[in-house]
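Below are the chains, spelled out letter by letter.
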Amino acid sequence: MINFKEEIAKIISNNTNINYVEIEQYIETPPNDEMGDYAFPCFRLAKELKKAPQIIAEDLKSKIEKNEDLIEKINVAGGYLNFYINKKCLISNTINEIEKEKDNYGKSNIGNGKTVLVEYSSPNIAKPFHIGHLRNTLIGHSLYNMYKYLGYNTISINHLGDYGTQFGKMIEGYKLWGSEYNIDENPIEELTKIYVRINELCKKDENVLERCRDNFKKLEDKDPYCVEIWNKFKELSLKEFNRIYDILGVKFDSLNGEAFYSDKMGEVVELLNESGKLVESEGAKIIDLEDKKLGVCMIKKSNDSSTYATRDLAAILYRARTYDFDKCLYVVAYEQNLHFKQIFEVAKLLGLDEKYTNGLEHVSYGMVHLKDGKMSTREGNVIKVNELLNEAISRVEKIIEEKNPNMEDKKQNAQIIGIGAITFCNICTTIIKDQIFDWDSILNFSGETGPYIQYTYVRTNSIIQNIKELPKAEDVNIEKLENKEAVKIIKLIYNFQDIIKQSAMKNEPSIMARYLIELSKAYSNYYNEYKILVDDLEEKNARIHITYITGLVLKIGMNLLGIDMPNKM
């Protein structure tokens, strides 16, 4: 398929003697179609050519030889050189590419030979899987899918929160009140009650808090009783978590949590010692990062137990050696910004190749809050994901009963639509923004939502199922797709691979989500303007074909976001 942006860059390069690769980086997509398909800001050349951008744009326009097979028009607007792509060329290139690639449309090999690790979900053992973990899981899963689609060797890691002082608290709570709770029957609920109760006691009694800290130290020292209880908590928790992952369609290549690195932290301490940067402070061992304005990173507590930082550093060392990664993404809320800045800086002291330390990236996302404030397991005010998903499915079932009671596979479709609504709303806005959880808005099935895209797909699918044979690209009269509504769709579909690249490289799945909304709107406008199954064969073939390629791209895009498509709605 022709890369129009690259071709335009080459045209400009031929008339400026500036490398086309550099030129291509600056070419923009105008905010509306009237301003062209691509625009080059001549401000970029003003300093080098010592001319005003407007004059540079006029000069370039006069020098560029018109290639009407590729570019049908060039004009100047301010300091911008605007290019209008030949519609026939755009349409034929796009539909022929889809004809060739079909379900693989938009795939790329840009990631061949490169490895990306994506760490996400990472719930805490013995605590509820709440909507904060859900957002994390859905963001990470969509990034995993998109990197994989771009040809990267992609590894998904669930870095379980299965270590730390909280387990000292859980062990103490279990010692005190374990017999009062039936954790085998309802593990997460009962363990949460114990956790809330022991935290209340710790607030009142410093001695209890000290016993909790001692319990964790015993766990690190492999005390048989503490290890036995900890293993039980972990086994029961994973069973519950896997039920949620199964519903979401999420799987992991690695479940190595914090505890996995317990026997690997000694080497981290040794390497930091050898660097000469590990110092003692009030009985603890720290790395002073004040010169980087990052405060102090604690490596060992005063009672010699480890910290999150120690375990994360051990994980970096292990992952570099095991996976030889090019990128290691950490999908973790912005509350941990300082933590990751610290460990990425301290990782430079471990003697690793710069390839690894440069490849560490924190994919920071906003927190999920209740209307009346922040969620906290300690306080017991969390919205549990299993309840949320069940409620979403239940509400969709009611809508189906009201609007289409005779639908086949009602339960299956209700699950696909309900889970899709929850998934889409978690990734449709810029991920750094906080979210206020509100049942009414999260399950609103009108407007710019997951169900709207699913409905658009079902509409396209219904049309395709009602025809005997899908027309091939060669049977499509390009002239029948030169109207503005069809061209809008074709332009969006042409840009699909670029949208995948942007979403992955910027670690921002909302780019894909917004794109799918725009494509759905564009098709709805086309559908309202033009009857699809008309008598004229050429018109019908063209309209069926644009319906088919729209549905195909909507399905691929939603699948990349981790959302299935229903057959009926």
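The text that follows walks through the structure, step by step, so that each part is easy to find. (Residues numbered from 1 in each chain as written. Predicted model: local features only at pLDDT ≥ 70, side-chain atom pairs only at ≥ 80, totals over all residues. Heavy atoms only, no water.)

### Structural notes on the overall build of the protein chain
Okay, step 1: Across its full length, the protein chain holds 22 helices and 13 strands.
Okay, step 2: Sequence separation of 24 or more characterises 75% of the internal contacts of the protein chain that already satisfy a separation of 6 or more.
Okay, step 3: In the form shown here, the protein chain has an accessible surface area of approximately 26,500 Å², with 44% of it arising from carbon and sulfur atoms.
Okay, step 4: The protein chain carries 75 positive and 87 negative side-chain charges, and their two centres are separated by 1 Å. (Helix = DSSP H or I, 4+ residues; strand = E, 2+ residues; numbered from the N terminus. Contact = heavy atoms within 4.5 Å. Areas by Shrake-Rupley, 256 points an atom, 1.4 Å probe, with all protein chains shown as cover. Lys, Arg positive; Asp, Glu negative; His and termini not counted. Charge placed at Lys NZ, Arg CZ, Asp CG, Glu CD.)

### Let's talk about the side chain of Asn215
Okay, step 1: Structurally, the position occupied by Asn215 is in helix α9 (residues 206–220).
Okay, step 2: For Asn215, a relative accessible area of 2% translates into the label buried.
Okay, step 3: A polar side-chain atom of Asn215 sits 3.1 Å from the main-chain carbonyl oxygen of Gly168.
Okay, step 4: Look past the residues within four positions of Asn215 in its chain and what remains in contact with it is Gly168, Ile171, Glu172, Lys175 and Cys226. (Buried < 20%, exposed > 50% of the residue type's maximum accessible area, 1.4 Å probe, protein only. Polar contact = N/O pair within 3.5 Å; in protein donor to acceptor, adjacent residues only side chain to side chain.)

### Points about the packing of aromatic side chains
Okay, step 1: Here the structure, examined in full by the defined rule, presents 21 aromatic pairs.
Okay, step 2: Note on Tyr174 and Phe233: the rings are 5.8 Å apart at their centroids and 80° apart in plane angle, and the pair reads as edge-to-face. Here Phe233 lies in helix α10 (residues 224–248) and Tyr174 lies in helix α7 (residues 165–177), a separation of 59 residues in the sequence.
Okay, step 3: Grouping aromatic residues by their ring pairs yields a cluster made of Tyr120, Phe129, Phe241, Tyr245 and Phe252.
Okay, step 4: When the ring centre of Phe260 is taken as origin, the NZ or CZ atom of Lys264, which lies over that ring, is 4.0 Å away. (Phe/Tyr/Trp six-rings, centres within 6.5 Å; stacked < 30°, edge-to-face > 60°. Lys NZ or Arg CZ within 6 Å of the ring centre and 35° of its normal.)

### A few points about helix α18 (residues 450–465)
Okay, step 1: For α18, with 16 residues, the first-to-last C-alpha span of 22 Å sits near the 22 Å given by 1.5 Å per residue.
Okay, step 2: Buried residues along α18 sit in contact with α16 (410–427), α21 (510–529) and α22 (537–560). (Expected span 1.5 Å × (residues − 1).)

### Describing the pattern of salt bridges
Okay, step 1: Counted by the stated rule, this structure contains 34 salt bridges.
Okay, step 2: Residue Glu200 is joined to Lys203 by a salt bridge in which the shortest nitrogen-to-oxygen separation is 3.4 Å. Of the two residues, Glu200 and Lys203 both sit in helix α8 (residues 187–204), three residues apart, roughly one turn of that helix.
Okay, step 3: With relative accessibility at 56%, the residue Lys203 sits in the exposed group.
Okay, step 4: Close ionic contact of Arg213 with Glu210 constitutes a salt bridge, the shortest N to O distance being 3.2 Å. Taken together, the residues Arg213 and Glu210, both in helix α9 and three residues apart, mark about one turn of the helix.
Okay, step 5: A residue is classified by how much of its surface remains accessible, and Glu210, at 35% relative accessible area, is partly exposed.
Okay, step 6: One network of salt bridges, with partners in common, ties together Glu448, Arg514, Glu518 and Lys521. (Salt bridge = Lys/Arg side-chain N within 4 Å of Asp/Glu carboxyl O.)

### Side note on the nonpolar core
Okay, step 1: Core analysis: the biggest nonpolar cluster contains 148 residues, and Leu81, Phe424, Phe496, Met512, Tyr515, Tyr526 and Leu561 have the highest contact counts within it.
Okay, step 2: When residues in this core are grouped by element, the largest group, eleven residues, is from α22.
Okay, step 3: Every residue in contact with Phe424, bar those within four places of it in the chain, is listed here: Glu448, Thr449, Gly450, Ile453, Ala513, Ile517, Met558, Leu561 and Ile563.
Okay, step 4: In this structure, Val268, Ala315, Phe344 and Leu350 belong to the second largest nonpolar core, which totals 35 residues. (Core = buried A, V, L, I, M, F, W, Y, C linked by side-chain atoms within 4.5 Å.)

### Points about the sheet that holds strand β10 (residues 360–365)
Okay, step 1: Taken in spatial order, the four strands make up an open sheet running β5-β4-β9-β10, and their pairing is parallel. Lying at the two open borders of the sheet, with one neighbouring strand each, are β5 (153–157) and β10. With strand direction ignored, the average angle separating the axes of adjacent strands in the sheet is 20°.
Okay, step 2: Pairing between strand β4 (residues 115–119) and strand β9 (residues 327–333): four bridges, direction parallel. Along β9, the bridge assignment pairs Leu117 with Cys328.
Okay, step 3: The strands touched by helix α13 (residues 337–346) within the sheet are β9 and β10, with β10 carrying the most contacts at an inclination of about 180°. (Pairing = 2+ DSSP bridges. Axes fitted to C-alpha atoms, helices over the stretch in contact; angles between N-to-C directions.)

### A look at the packing of helix α20 (residues 496–505) against α21
Okay, step 1: Where α20 contacts α21, the two axes come as close as 8 Å, and the packing angle between them is 150°. When the axis of α20 is compared with that of α21, the two are roughly antiparallel. When α20 is examined against α21, the residues Phe496, Ile499, Ile500, Gln502 and Ser503 are found in contact with a partner set consisting of Ile511, Met512 and Tyr515.
Okay, step 2: In terms of residue class, the contact of α20 with α21 is built from six nonpolar, two polar and no charged. (Parallel < 35°, antiparallel > 145°, perpendicular 65-115°, else oblique. Nonpolar A, V, L, I, M, F, W, Y, C, P; charged D, E, K, R; others polar.)

### A few points about the sheet that holds strand β1 (residues 38–41)
Okay, step 1: Across the sheet, which stays open at both edges, the three strands sit in the order β1-β3-β2 with antiparallel pairing between neighbours. The open sheet has two edge strands with one neighbour each: β1 and β2 (71–77). Across the sheet, the mean angle separating the axes of adjacent strands is 20° when strand polarity is ignored.
Okay, step 2: Of the pairings in the sheet, the one linking β2 to strand β3 (residues 80–85) comprises six bridges and is antiparallel in character.

### Quick notes on the environment of Glu58
Okay, step 1: For Glu58, the location among the structural elements is in helix α4 (residues 53–63).
Okay, step 2: When its relative accessible area of 39% is taken as the criterion, Glu58 is described as partly exposed.
Okay, step 3: Between the alpha carbons of Glu58 and Val76 there is a distance of 6.6 Å; along the sequence they are 18 residues apart.

### Here's the deal with unusual backbone geometry
Okay, step 1: Here the phi dihedral of Lys102 falls at roughly 50°; this positive angle occurs in a residue that is not glycine.
Okay, step 2: Phi angles above zero are rare outside glycine, and Asp324 is one such case at about 50°.

### Quick look at the pairing of β4
Okay, step 1: Counting buried residues in β4 gives five out of five residues, a clear majority hidden from the surface.
Okay, step 2: Of the two faces of β4, the one lined by Thr115, Leu117 and Glu119 and the one lined by Val116 and Val118 are each fully buried.
Okay, step 3: The pairing of β4 with β5 spans five bridges and is classified as parallel. Within β5, the residue paired with Thr115 across the bridge is Asn153.
Okay, step 4: You can see the chain leave β4, run along helix α6 (residues 131–149) and come back into β5, and the turn it takes is right-handed. (Right-handed = clockwise from strand over helix to strand, strands pointing away.)

Honestly, that's just the spatial picture; any functional story needs more than this.
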